[in-house]
Amino acid sequence: MPVKERFVKPIPLIVLLVAALGACGGPSGVPDDTKAAQRNYAPVTVSDCGGRQASFTAPPRRVVALTTSVLEILFWLGVQDKIVGIGSPPKPGTFPPQFEQDLAKIPKLAGEYAPGSYKPVPREQLVGARPDFVVGGFSSNFDSNGATNQQELADQNIPSYLAVSTSCATATKGALTGFDLVYRDIDSLGKVFGVPDRAAKLISDMRQRTDGVAAALTGAPPVSVFPFEFDEGTQTPYAPGNRQGVNPVIALAGGRSIFSDLDKAYQKVSWEQVAQRAPEAILLIVYDKGVKADTDAEFAKAEQFVRTFPGLAGTPAVKQARFARLVYEAGSNGGVRNADAAVSLAHQLHPDRVR
């Protein structure tokens with residue numbers, strides 16, 4: 001997927017770190033619970049997308065989340081009080097509603113969020129937050145011009161973690177058909193923050209929901225689905241392959257992506273290729289607009305396009321007007337809401353079996 005970047009002139013990290021610590025002193029506004037945490041904490045080492053290891057003898061107390069996908073996992077784990085900065089915050093109304101109030105309190109380090117693009121956190125902003133742990137969801141979070149890479153952070157004894165669940169090529173040795181990578185991120189971060197029981201509960205709840213769908217779909221033939229990311233443009237569609245997070249959502253919902261043989265996260269394809277693969281249903285994927293009426297309007301635009309586009313007129317999906325809907329944040333970003341997305345899609349593909 002294309003990433004829009006802005007250039008920030010590099011500033012040596014050591015200079016920024018010394019300046020920030022000298023100006024700010026110790027952590028402010030964070031309870032000094034280190035001794036209690038150490039008494040109950042099992043030291044842990046976790047390995048991230050790039051194989052980089054991070055070790056902890058106490059839970060992090062000042063965390064920066066560079067992107068919204070990992071930010072959401074931290075909220076589900078209940079450690080939002082440890083977050084001292086977010087790169088670009090999610091648009092109001094697009095985050096789980098129970099977290100919106102706490103989300104508003106977190107300092108924003110990289111300006112407003114634009115779906116489909118990433119603004120790196122400038123080095124001076126990152127160091128000024130005085131993090132003791134930095135979490136990213138995409139390699140661009142650390143590698144974009146102006147961003148602070150993981151080695152720079154390690155050189156200053158600041159551990160970091162690049163998630164495996166959304167866009168990690170090295171973690172996807174084969175097609176994604178389940179949420180194992182999501183579970184790995186939840187488990188790893190749960191251990192890091194000393195809340196392994198919360199992590200285990202989240203994973204158990206996700207499994208329970210998807211197991212229920214699997215039981216309801218026993219014996220049902222899979223529906224062939226074209227996952228269409230409308231906001232990425234209509235001239236040349238991006239096809240999510242079997243290494244993208246929406247593939248297991250479709251598979252667990254009783255579907256089969258028509259590009260499940262594509263061994264990568266994304267690839268540009270032609271509309272002729274889509275038509276040749278004769279999808280039985282088209283999954284419309286749009287970015288959440290934050291207001292239900294606006295999101296519904298975007299879905300309506302996407303549906304109008306596929307209904308009237310001549311190149312798709314002969315497909316079973318258009319002939320039978322069989323369309324499904326998911327917002328990108330729930331279905332394509334790796335996270336806890338993937339299980340709900342699978343249940344929702346299963347109902348849309350198999351309404352007679354999943355209610």
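Residues numbered from 1 in each chain as written. Predicted model: local features only at pLDDT ≥ 70, side-chain atom pairs only at ≥ 80, totals over all residues. Heavy atoms only, no water.

A. Broad picture of the pairing of strand E4 (residues 83-86). Relative to E4, strand E3 (residues 63-65) is paired through three bridges, and the arrangement is parallel. The residue bridging Val-63 from the neighbouring strand is Ile-83, located in E4. Of the crossover connections in this fold, the one passing from E3 over helix H3 (residues 68-76) to the parallel E4 is right-handed. (Pairing = 2+ DSSP bridges. Helix = DSSP H or I, 4+ residues; strand = E, 2+ residues; numbered from the N terminus. Right-handed = clockwise from strand over helix to strand, strands pointing away.)

B. Here's a closer look at the side chain of Arg-62. Along the chain, Arg-62 turns up in the loop between strand E2 (53-56) and E3. Within the buried set, Arg-62 has no salt-bridge partner at all; the shortest N-O distance to an opposite charge, 6.8 Å, is to Asp-132. (Buried < 20%, exposed > 50% of the residue type's maximum accessible area, 1.4 Å probe, protein only. Lys, Arg positive; Asp, Glu negative; His and termini not counted. Salt bridge = Lys/Arg side-chain N within 4 Å of Asp/Glu carboxyl O.)

C. Expanded view of the state of the cysteines. Evaluated as defined, the whole model comprises one disulfide. Put simply, Cys-49 and Cys-168 are joined by a disulfide, and their sulfur atoms are 2.1 Å apart. In this structure, the disulfide formed by Cys-49 and Cys-168 twists by about 100 degrees around the S-S bond and is classed as right-handed. Separated by 119 residues along the polypeptide, Cys-49 in the loop between strand E1 (44-47) and E2 and Cys-168 in the loop between strand E6 (160-162) and helix H8 (180-192) bring together distant segments of the chain. With a relative accessible area of 13%, Cys-49 lands in the buried category. (Disulfide = S-S within 2.5 Å.)

D. Structural context of unusual backbone geometry. The phi torsion at Arg-130 lies on the positive side, around 50 degrees, for a residue other than glycine. Examined against the element boundaries, Arg-130 turns out to sit in the loop between helix H5 (123-128) and strand E5 (133-136). A residue is classified by how much of its surface remains accessible, and Arg-130, at 13% relative accessible area, is buried. Here the phi dihedral of Ala-321 falls at roughly 50 degrees; this positive angle occurs in a residue that is not glycine. Among the secondary structure elements, Ala-321 is positioned in the loop between helix H13 (316-319) and strand E12 (323-327). With a relative accessible area of 36%, Ala-321 lands in the partly exposed category.

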